[in-house]
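# Observations on the three-dimensional arrangement
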Amino acid sequence: MKQRLTVLGSTGSIGTSTLDVVSRHPDRYEIFALSAATQVDQMLAQCARFRPRFAVMASAPHAQALAEKIQANGLPTQVLQGPDAIEKIASHPDVDMVMAAIVGAAGLAPCLAAAQAGKRLLLANKEALVVGGDLFMAAVKSGGATLLPIDSEHSAIFQSLPEDASTWARRIDHVILTASGGPFRQRDPATLREVTPEQACAHPNFSMGRKISVDSATMMNKALEVIEARWLFDLAPEQIKVVIHPQQIIHSMVQFVDASIIAQLGTPDMRVPIACGLAWPERIESGAARLDFTALAGLTFEEADATRFPGLHLSWQALRAVPGTTAVLNAANEVAVAAFLDRRIRFDQIHQLNLATLEALSPSKPDSLEALLALDAQARAAADRIAGRLHTSF
């Protein structure tokens, strides 16, 4: 039987890559539902091609615009709108798999819904773990869900580990997340205040959304991935290391207690971890180019410099602090990146804003989704106030 798939965030880079892989295997997968924020015409094209049962837009005006175009084109898709509808398509009893590719904390609630409903959850939304932490992992366990990482680094670690997770604790010494270093890997840190949004969004290896591209430039994406790895693989913070690997051929590594290292290699193409998540433990064709070792000039590695990338080191600080601190860090960073993209703060002030927000709040451990969302809102409000103060000194 075909596996029925919901794609949350279908018009983003992960969502479109997922649909590309699915289109290569029409005998294995069918699209049950799609969700997007504002891209009405792109969603219409996806509905025309994959004919899902449901399409969800984030707001009523965008849903109305899509519904009119769906009707005009005689398509069978039912259009819904809002957060409740996104949770519905993530937990619907007819769904087998959910690709969670909504960027940011907005993806937490539907990820929880999918986990509690026992779905095969392909997690590209790192914030579900950064914000949700043990609450999210408890939902995965209680719901009987299968959680598979889609971030290329976490997928690489997953593929490098023994299939029997009960043996990980006694076998793993530490894991090594690789990072490209982004577009400013070799730039003088003193000049980073001059960086424009256009420069920060020019990733050297991947084509990604603007928010994720800025996170790559500041290395905050790697900070969030450190936090995500802690929960995915039940590791202590000191068991997670980061190394700069500009070629992005080795996607991450596991060092075992006997000092051996197993790594996952491949061309930098997100369709590879997506295909892995869709088919695991089988393998399917992804559409990615094969790696040609004879064409490689070499593989190099560098230390992740704390002066150039101070945000990266906030991850270990947040993991060792009171539970809930990682949620504050995530919220502050989302506000900071949005302010930078709107040219309200400078690039180098992103870290200043994140650090100031962490210092301004003293969270208690959130014990429910409602508590997490309240903490997220509190952190965003604090970050907004700080952004306003920074803007006056721009």
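First things first, this report covers the structure right here in the doc. (Residues numbered from 1 in each chain as written. Predicted model: local features only at pLDDT ≥ 70, side-chain atom pairs only at ≥ 80, totals over all residues. Heavy atoms only, no water.)

## Quick look at the environment of Val-243
- Along the chain, the position of Val-243 falls in strand E9 (residues 240–244).
- The buried category is assigned to Val-243, whose relative accessible area is 17%.
- Between the C-alpha atoms of Val-243 and Gln-317, which are 74 residues apart in sequence, the distance is 18 Å.
- Ignoring anything within four residues of it in the chain, the contact list for Val-243 reads Ile-176, Leu-177, Thr-178, Ala-179, Met-253, Phe-301 and Glu-302. (Helix = DSSP H or I, 4+ residues; strand = E, 2+ residues; numbered from the N terminus. Buried < 20%, exposed > 50% of the residue type's maximum accessible area, 1.4 Å probe, protein only. Contact = heavy atoms within 4.5 Å.)

## A look at the packing of aromatic side chains
- Per the counting criterion, the structure on display carries five aromatic pairs.
- Ring centres 5.7 Å apart and planes at 65 degrees place the aromatic pair Phe-32 and Phe-54 in the edge-to-face group. Here the residue Phe-32 occupies a position in strand E2 (residues 29–36), and Phe-54 occupies one in strand E3 (residues 54–57), the gap between them amounting to 22 residues.
- With relative accessibility at 3%, the residue Phe-32 sits in the buried group.
- By way of ring pairs, the aromatic residues Phe-184, Phe-340 and Phe-347 are connected into one cluster. (Phe/Tyr/Trp six-rings, centres within 6.5 Å; stacked < 30°, edge-to-face > 60°.)

## Topic: a nonpolar patch on the surface
- A contiguous nonpolar surface patch, about 360 Å² in accessible area, is contributed by Leu-265, Phe-293, Leu-299 and Phe-301.
- Checked against the element boundaries, Phe-301 lands in the loop between helix H12 (271–279) and strand E12 (302–303).
- Accessibility expressed as a relative area gives 40% for Phe-301, which makes it partly exposed. (Patch = residues over 30% accessible without salt bridge, like charges linked within 9 Å, V, L, I, M, F, W, Y side chains within 5 Å. Areas by Shrake-Rupley, 256 points an atom, 1.4 Å probe, with all protein chains shown as cover. Salt bridge = Lys/Arg side-chain N within 4 Å of Asp/Glu carboxyl O.)

## Brief notes about the side chain of His-154
- With respect to the element layout, His-154 can be found in helix H7 (residues 152–160).
- Exposure remark for His-154: the relative accessible area of 0% places this residue in the buried category.
- Beyond its immediate stretch of four places on either side in the chain, His-154 contacts Pro-149, Leu-177, Glu-225, Glu-228, Ala-229, Leu-232 and Phe-233.

## A word on the sheet that holds E12
- Ordered in space as E11-E10-E8-E9-E12, the five strands form an open sheet in which the pairing is mixed. Edge positions in the sheet fall to strand E11 (261–265) and E12, since each has one partner strand and no second.
- Across two bridges, E9 lies against E12 in antiparallel orientation. Note that in E12 the partner of Ile-244 across the bridge is Glu-302.
- Running at roughly 40 degrees to strand E10 (residues 250–256), H7 makes contact with strand E8 (172–179), E10 and E11 of the sheet. (Pairing = 2+ DSSP bridges. Axes fitted to C-alpha atoms, helices over the stretch in contact; angles between N-to-C directions.)

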